[in-house]
Amino acid sequence: MAEKCFHCSEDCIDKTIRFEDHSFCCEGCKTVYSILKNSDLGGFYTLEEKGGSKTLLFSQNKYAYLDEPEIIEKLIDYQDDEICMIHFYIPKIHCSSCIWLLEKLYKLKKGIKVSTVNFTKKTVRISFNPEEISLRQIVETLHSIGYEPSINFNDLDKSKSPPGIQKSLWYKIGVAGFAFGNIMLAALPEYFASPLQPIDPKFAELFQYLSLILSLPVIFYSASDYFTSAYQAIKHRGINIDIPIAIGVATLFLRSSYEVVFMHQPGYFDSLAGLVFYLLIGKAYQSKTYSNISFDRDYKSYFPISVVKLNDGKEYVIPLTHLKIADRLLIRNDEIIPADSILISKEATIDSSFITGEERHHHKKSGEKIFAGSKQIGTAIEVEVIKTISQSELTSLWNDSNLMDNKRHQNFQSITSKISTYFTVAILIIALGALLFWLQENTSFAINVFTSVLIVACPCALALSAPISFGLAIRSMGKAKLYFKDTASVERFGNIDQIVFDKTGTITQSQSSMIEYKGIALNEPEFIDIKSGLRNSYHPLSLALYNHLTDVSIEEISKFEEHIGKGIEFSINNHHYRMGSAGFCGFDQEHIDSLQTRIYISKDDANLGFYSFSNEYRSELKKVIQSLKAYPLSIITGDNESEKGNLNTLFGKQSKILFNQSPLDKLKFIKSIQENEQSVLMIGDGLNDAGALAQSDVGISIAEDTNNFSPACDAILDASNFHLLPKYLAFSKNTIRTVIISMIISLLYNVVGLSFAVQGLLSPLFSSILMPTSSITVVLISTLLINYYSRTLKNQ
């Protein structure tokens, strides 16, 4: 008879692997066992009499549907020849051990590259090689280690509604509320009894035991999350907010049970049930608050990202939100494809690093699928949308992008997390001290004081201060057309020391520039060639000249390459063109030394001429600069010194103005400021300054009516609201003040509450009502203050 695998309980048919006195059917099961044991999860195998019998077995064909190409197509987030990405909702994620195990999936199965857990959303994002492992095998692996993913095909259309409170929490609130009400009824005879009219002892004992029985589901079901969380924290040598709550609830239950069984007293079961009931109400309120902010951030925010739609040979700029299935789009060089699409052009070179984090180019042919978030490299292409992407999915890509993360400031979330940890330790010490003090006088009173201290203290209100305030700030600034990537970016924005501007496309309006051509007269075919080449670039000057050449038709080019900081080159109709700087196009030193802003043109290595641009600065730029005089300001630009006089007049001689800066020079300049412990805000267009945006403490990309969304930035600013920059900065500083005010109020609440609790002036039941009240107060104050401060953003 074949041996049973200790992990999965399957028969060891082909071979039996012996390891630590256990039998395993394969290396995978042995590896899972080793990981579980080494991470102190050996109890995984003690849940049933035999290892692995914890619902690890499943029908061999249970996940057979995951081999169907149509199903895979709907589930997969991204796919190419070497990598696939998918995310699953896994309800059983509940502790740090879950995170540890799920992020070690690459050790369990060959082909899994990376797995990342989002603990708050209970999701895992998995990157894998489809040539080495199938989607079905991944799901079966998750199931085999006890983390069966929830796959709901009704949700595959991605049309999500606001995340709500888990049903299990509502059930627990219902059970606690039912028990609380009935225990109160059972306690009424005790409350109304008097020495003159005492309650019959038999009825008194009946009601006492009835209260004890009604409290059991409260302890073992409604309050179970607190005990589980506390146990997991202690097991992994940590401390969290649930430890004092669990101790308080357990103490109240044990004390009340002792009084009923041995002393024939009513105990405090009504207080116990009420305590758990109000704690769960507070938990539901906090969960709802978080989810509302998360929903507003992920699904209602509107980025000022537009796309170029093609219709009857004409180009129309439309907002991303107006994108529909079957729309045809023009995607220029270095632009991000905003929705899953089919390639219409003959071929394309696609960069998927924004999605996968791996620098690899994929060559696509006409009819092949291109995933949203991919970036076109080279010649402009035409694609047809096959699935619209929600703002939330682009937001998710933005937040999960694998770009370098060198944001150096510690944020309030981490600070408040540390405060909460120390606060919990302090509460335990105070509670034990009060218990020992009052035990000398009255045991029952001491237990009440001990429980009240544990319950009334509320570190969760401290922890709420930062995420609530910054979450509301993101929403308010989003309404004013400044769209932040995350709450940490908002905090860094309020703490910046210096501001650095790019010039072209940032403080200038290239679309409003006066454009003039000088050189050899161009014929109609050359105009067509030039405009066809410009169509592939979305540099501000390229776009300005492209829009300037009206009534000129477009033809397909055969080759295109954009040289950052220099220009573009392309081939069309058997001719080779270069457009950009004088040196790049082969013009003489006189033109190279020219201080005007120009696009030079050469054809087949012969110089044709140039288009000159007169810079027009953004409206109210002078007022913006005056409002920012408290900050050191700098300008870094790849342009020449033609605008030096105007810039000195606008920014003043105290500002640094650097010309002829390459993208690497811009990056080094940001680093040089940071080396002096200065926090830098960089504002650019996301093209030649992407590296500087990523390096800066806060990088803001200016968005015109084009798809210049840059994954390197922390925020996107609608160009029409550039003049509100000083108000955005002031608002972010006020947001930080709101966080500090909320934290002070929370601390004062705890000090006052504890001072009453240690004196025995608060009952456990009243303490449980006060605890969620502090959280509600913090949310209310944060909301009122943020809404008050946000009024300045509306006065435009």
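Just so we're clear, the structure is a prediction, and the values are computed from it rather than from any experiment. (Residues numbered from 1 in each chain as written. Predicted model: local features only at pLDDT ≥ 70, side-chain atom pairs only at ≥ 80, totals over all residues. Heavy atoms only, no water.)

Scanning the chain for helices and strands turns up 27 helices and 28 strands. Split into buried and exposed, the 796 residues of the chain put 53% on the buried side. In the chain, the share of contacts with a sequence separation of at least 24, taken over all contacts with a separation of at least 6, comes to 67%. (Helix = DSSP H or I, 4+ residues; strand = E, 2+ residues; numbered from the N terminus. Buried < 20%, exposed > 50% of the residue type's maximum accessible area, 1.4 Å probe, protein only. Contact = heavy atoms within 4.5 Å.)

In this section: the sheet that holds strand E15 (residues 381-387). Picture the strands of a sheet paired through backbone hydrogen bonds; they go either parallel or antiparallel. Taken in spatial order, the six strands line up as E8-E7-E9-E15-E10-E13 in an open sheet, and their pairing is antiparallel. Two strands in the sheet have a free side with no partner beyond their single neighbour: strand E8 (314-319) and strand E13 (369-370). (Pairing = 2+ DSSP bridges.)

A separate point is the pairing of strand E10 (residues 340-343). Sheet topology note: the E10/E15 ladder contains four bridges and is antiparallel. Counterpart to Leu-343 in the pairing with E15 is Val-383. Across two bridges, the pairing between E10 and E13 is antiparallel. Counterpart to Ser-341 in the pairing with E13 is Ile-370.

Any two side chains of opposite charge can pair, given that their charged atoms come close. Counted by the stated rule, this structure contains twelve salt bridges. Between Asp-327 and Lys-309 there is a salt bridge, and its shortest N-O distance comes to 3.5 Å. With a gap of 18 residues between them, Asp-327 in the loop between E8 and strand E9 (328-331) and Lys-309 in strand E7 (residues 306-311) connect regions that are remote in the sequence. Since its relative accessible area comes to 23%, Lys-309 is described here as partly exposed. Between Arg-535 and Glu-382 there is a salt bridge, and its shortest N-O distance comes to 3.9 Å. A residue pair is termed long-range when its members are at least 10 positions apart, and Arg-535 in the loop between helix H17 (524-534) and helix H18 (540-548) and Glu-382 in strand E15 qualify at 153 residues. Given the relative accessible area of 14%, Arg-535 is considered buried. Accessibility expressed as a relative area gives 24% for Glu-382, which makes it partly exposed. By sharing partners, the salt bridges in this structure join Asp-67, Arg-136 and Glu-140 into a single network. (Salt bridge = Lys/Arg side-chain N within 4 Å of Asp/Glu carboxyl O.)

Their axes nearest at 10 Å, the elements helix H7 (residues 201-222) and helix H9 (residues 242-262) cross at an angle of 155 degrees. Classified by the interaxial angle, the pair formed by H7 and H9 is roughly antiparallel. The interaxial crossing formed by H7 with H9 has left-handed handedness. Contact with H7, carried on its side by Gln-208, Tyr-209, Leu-212, Ser-215, Leu-216 and Ile-219, involves Val-249, Phe-253, Ser-257, Val-260 and Val-261 of H9 and no other residues of that element. (Axes fitted to C-alpha atoms, helices over the stretch in contact; angles between N-to-C directions. Parallel < 35°, antiparallel > 145°, perpendicular 65-115°, else oblique. Left-handed = near helix turned anticlockwise from the far one by under 90°.)

Residues at a pLDDT of 70 or more form 77% of the chain, whose mean pLDDT is 78. Looking across the chain, the model is least confident in helix H12 (residues 391-400), with a mean pLDDT of 54, and most confident in strand E21 (residues 575-580), with 95. Across residues 295-304, confidence stays below pLDDT 50; counting only partners more than four residues off in sequence or on other chains, it has 36 contacts. (pLDDT = per-residue confidence, 0-100.)

Moving on, we get to the sheet that holds strand E20 (residues 567-572). Ordered by their spatial adjacency, six strands build an open sheet running E18-E23-E22-E21-E20-E19, and the pairing between neighbours is antiparallel. Both edges of this open sheet fall to strand E18 (514-519) and strand E19 (559-563), since each of them pairs with a single strand only. Sheet twist, expressed as the average angle between the axes of neighbouring strands with direction ignored, equals 15 degrees. Here six bridges tie E20 to E21, and the two strands are oriented antiparallel to one another. If you follow Ile-572 over to E21, its bridge partner there is His-575.

A cluster of nonpolar side chains, contributed by Tyr-258, Val-261, Phe-262 and Met-263, occupies part of the molecular surface with about 400 Å² of accessible area. Structurally, the position occupied by Phe-262 is in helix H9. On the basis of relative accessible area, Phe-262 is assigned to the exposed category, the value being 61%. (Patch = residues over 30% accessible without salt bridge, like charges linked within 9 Å, V, L, I, M, F, W, Y side chains within 5 Å. Areas by Shrake-Rupley, 256 points an atom, 1.4 Å probe, with all protein chains shown as cover.)

This next bit is on the packing of aromatic side chains. This model, assessed by the stated rule, comprises 16 aromatic pairs. Among the aromatic side chains, those forming a connected cluster through ring pairs are Phe-220, Phe-253 and Phe-269. One cation-aromatic arrangement involves Lys-531 over Tyr-546; the distance from NZ or CZ to the ring centre is 5.0 Å. (Phe/Tyr/Trp six-rings, centres within 6.5 Å; stacked < 30°, edge-to-face > 60°. Lys NZ or Arg CZ within 6 Å of the ring centre and 35° of its normal.)

Burial analysis of strand E27 (residues 698-703) places six of its six residues in the buried class, which makes it a mostly covered element. Neither face of E27 is exposed, since Val-698, Ile-700 and Ile-702 on one face and Gly-699, Ser-701 and Ala-703 on the opposite face are all buried. Sheet topology note: the strand E26 (residues 680-684)/E27 ladder contains four bridges and is parallel. When the bridges of E27 are listed, Ile-683 appears paired with Ile-700.

What follows concerns the environment of Ser-222. Along the chain, Ser-222 turns up in helix H7. With relative accessibility at 1%, the residue Ser-222 sits in the buried group. Spatially, the C-alpha atoms of Ser-222 and Lys-172 are 4.5 Å apart, while their sequence positions differ by 50 residues. In this structure the side chain of Ser-222 is engaged in a polar contact, spanning 2.9 Å, whose partner is the backbone oxygen of Lys-172. (Polar contact = N/O pair within 3.5 Å; in protein donor to acceptor, adjacent residues only side chain to side chain.)

For an α-helix, 3.6 residues make a turn, and residues three or four places apart therefore share a direction. End to end, H9 covers 30 Å across 21 residues, agreeing with the expected 30 Å (1.5 Å per residue, within 8%). Among the 21 residues of H9, 15 are classified as buried, and the element is accordingly described as predominantly covered. Two residues or fewer after H9 comes His-264, characterised by a positive phi angle close to 55 degrees. (Expected span 1.5 Å × (residues − 1).)

This part takes up the nonpolar core. Counting 50 residues, the largest nonpolar core has Phe-493, Ile-499 and Phe-501 as its most contacted members. Not counting residues up to four positions away in its chain, the partners in contact with Ile-499 are Leu-628, Tyr-631, Pro-632, Leu-633, Ser-634, Leu-681, Ile-683 and Leu-729. Among the nonpolar cores identified, the runner-up in size contains 30 residues, and Ile-76, Met-85, Ile-112 and Val-124 belong to it. (Core = buried A, V, L, I, M, F, W, Y, C linked by side-chain atoms within 4.5 Å.)

Counting through the fold element by element, Lys-666 comes out in helix H23 (residues 663-674). A polar contact is formed between the side chain of Lys-666 and the side chain of Asp-502, at a distance of 3.4 Å.

Another point: the packing of H9 against helix H14 (residues 443-456). Running from N to C, H9 and H14 point in directions that differ by 155 degrees, and their axes come no closer than 8 Å. By the angle class used here, H9 and H14 are roughly antiparallel. Both H9 and H14 take part in a crossing whose hand is left-handed. Counting all contacts with H9, which are made through Pro-244, Ile-245, Ile-247, Gly-248, Thr-251, Leu-252, Arg-255 and Glu-259, the residues of H14 involved are Thr-443, Ser-444, Ile-447, Phe-450, Thr-451, Leu-454 and Ile-455. By residue class, the composition of the contact of H9 with H14 is eight nonpolar, five polar and two charged. (Nonpolar A, V, L, I, M, F, W, Y, C, P; charged D, E, K, R; others polar.)

One can find Phe-423 in helix H13 (residues 412-439). Residue class for Phe-423 comes out buried when judged on its relative accessible area of 12%. When the C-alpha atoms of Phe-423 and Ala-457 are compared, they prove to be 8.9 Å apart, with 34 residues separating the residues in sequence.

A separate point is empty space enclosed by the protein. This model, assessed by the stated rule, comprises three cavities of 30 Å³ or more. Size it by volume and the second largest cavity reaches roughly 40 Å³. Looking at the second largest cavity, the residues that line it are Tyr-78, Gln-79, Asp-80, Ile-350, His-362, Lys-364, Lys-369, Ile-370, Phe-371 and Ser-374. Where the lining of the second largest cavity is concerned, the elements lending two or more residues are strand E3 (78-79), strand E12 (361-365) and E13. Its residues assigned to classes, the lining of the second largest cavity comprises four nonpolar, three polar and three charged. (1 Å grid on protein atoms, 1.4 Å probe; cavity = no way out; pocket = protein on both sides within 12 Å on 5 of 7 lines; lining within 4 Å. Points joined across faces, edges and corners; volume = space filled by probe spheres on them.)

Here we take up H17. Summarising burial for H17: eight of the eleven residues are buried, a large majority. Where H17 is concerned, the buried positions are Glu-526, Ile-528, Asp-529, Ile-530, Lys-531, Ser-532, Gly-533 and Leu-534. The inward-facing, buried residues of H17 contact H18, E19, E20, E21, strand E22 (597-603) and strand E23 (606-614). Between the side-chain oxygen at the start of H17 and the backbone nitrogen of Glu-526 there is a gap of 2.9 Å, and the oxygen is on Asn-523.

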